[in-house]
Amino acid sequence: MRIQGGMGILRTAIWIIGIFTLLSGIVGVSNIMLITVKERTHEFGIRKALGAKPSSILWLIIVESVTITTFFGYIGMVAGIGVTE
């Protein structure tokens, strides 16, 4: 009975740690993308001047953030599995 209670507490703690890890990852990626957009404002202005639609610029930013998140998320997952094994 005590073992089950201890495992339940451990499982809950792991979930909480996982949720906070994901939240910190979201904040990190958001900050990186904010800096990227701020640095590339000139480029986006030139694109708009040449006739790019705002949706194409937004799509470019979203694709870049998803690519970065997927790539480094995979690296983190592989590293985590490697450490636990």
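Residues numbered from 1 in each chain as written. Predicted model: local features only at pLDDT ≥ 70, side-chain atom pairs only at ≥ 80, totals over all residues. Heavy atoms only, no water.

### A short note on the confidence of the model for the protein chain
Convention followed: For every residue, the predictor states its confidence as a pLDDT score lying anywhere from 0 to 100. Per the convention used, a helix needs a DSSP run of H or I reaching at least four residues, while a strand needs a run of E reaching at least two, with both numbered from the N terminus.
For the protein chain, the average pLDDT comes to 89, and 100% of its residues sit at 70 or higher. Within the protein chain, the element-level pLDDT minimum falls on helix H1 (residues 2-39), averaging 88, and the maximum on helix H2 (residues 41-49), averaging 91.

### Some words on the packing of aromatic side chains
Aromatic ring pairs: the centre-centre distance and the angle between the two ring planes describe each pair. In plain terms, the rule: Working definition: rings of Phe, Tyr and Trp (its six-membered ring) pair if their centres are within 6.5 Å, and the pair is stacked with planes under 30 degrees apart, edge-to-face with planes over 60 apart, and tilted otherwise.
Inspection of the entire model under this criterion finds one aromatic pair. An angle of 80° between the planes, with centres 5.1 Å apart, marks the rings of phenylalanine 71 and phenylalanine 72 as edge-to-face.

### Side note on a nonpolar patch on the surface
We apply this condition: Surface patches are drawn from residues lacking salt bridges whose relative accessible area is over 30%; two like charges belong together within 9 Å, two nonpolar side chains (Val, Leu, Ile, Met, Phe, Trp, Tyr) within 5 Å. Where accessible areas are quoted, they stem from the Shrake-Rupley method and a 1.4 Å probe; at the residue level, only the protein chains shown are allowed to cover. When a carboxyl oxygen of Asp or Glu lies within 4 Å of a side-chain nitrogen of Lys or Arg, that pair is called a salt bridge. Classification of residues uses two cut-offs on accessible area relative to the type maximum, computed with a 1.4 Å probe and protein chains only: under 20% is buried, over 50% is exposed, and between them is partly exposed.
There is a patch of nonpolar side chains on the surface, built from Trp15, Ile16, Ile19, Phe20, Leu23 and Ile26 and spanning about 660 Å² of accessible area. By secondary structure assignment, the location of isoleucine 19 is in helix H1. For isoleucine 19, a relative accessible area of 44% gives the class partly exposed.

### Here's the deal with the packing of H1 against helix H3 (residues 54-84)
Quick note on the threshold: Whenever a helix is involved, its axis is fitted only over the stretch in contact; in every case the axis is a line through C-alpha atoms, and angles between N-to-C directions fall within 0 to 180 degrees. Geometric relationships in this document are graded by angle, where less than 35 degrees denotes roughly parallel, more than 145 denotes roughly antiparallel, 65 to 115 denotes roughly perpendicular, and other angles denote oblique. Definitions for this section: a left-handed crossing has its near helix turned counterclockwise from the far helix by less than a right angle. A right-handed crossing has that turn clockwise. Residue contacts are counted whenever heavy atoms from the two residues lie within 4.5 Å of one another. Polar here means any residue outside two lists: the nonpolar Ala, Val, Leu, Ile, Met, Phe, Trp, Tyr, Cys and Pro, and the charged Asp, Glu, Lys and Arg; Gly therefore counts as polar.
Relative orientation of the contacting elements H1 and H3 amounts to 140°, with a least axis distance of 11 Å. It follows that H1 is oblique to H3 by the angle criterion. In this structure, the crossing between H1 and H3 has a hand that is right-handed. Where H1 approaches H3, its residues Val29, Met33, Thr36 and Val37 are matched on the opposing element by Ile61, Glu64, Ser65, Ile68 and Thr69. Looking at side-chain class alone, the contact of H1 with H3 contains five nonpolar, three polar and one charged residues.

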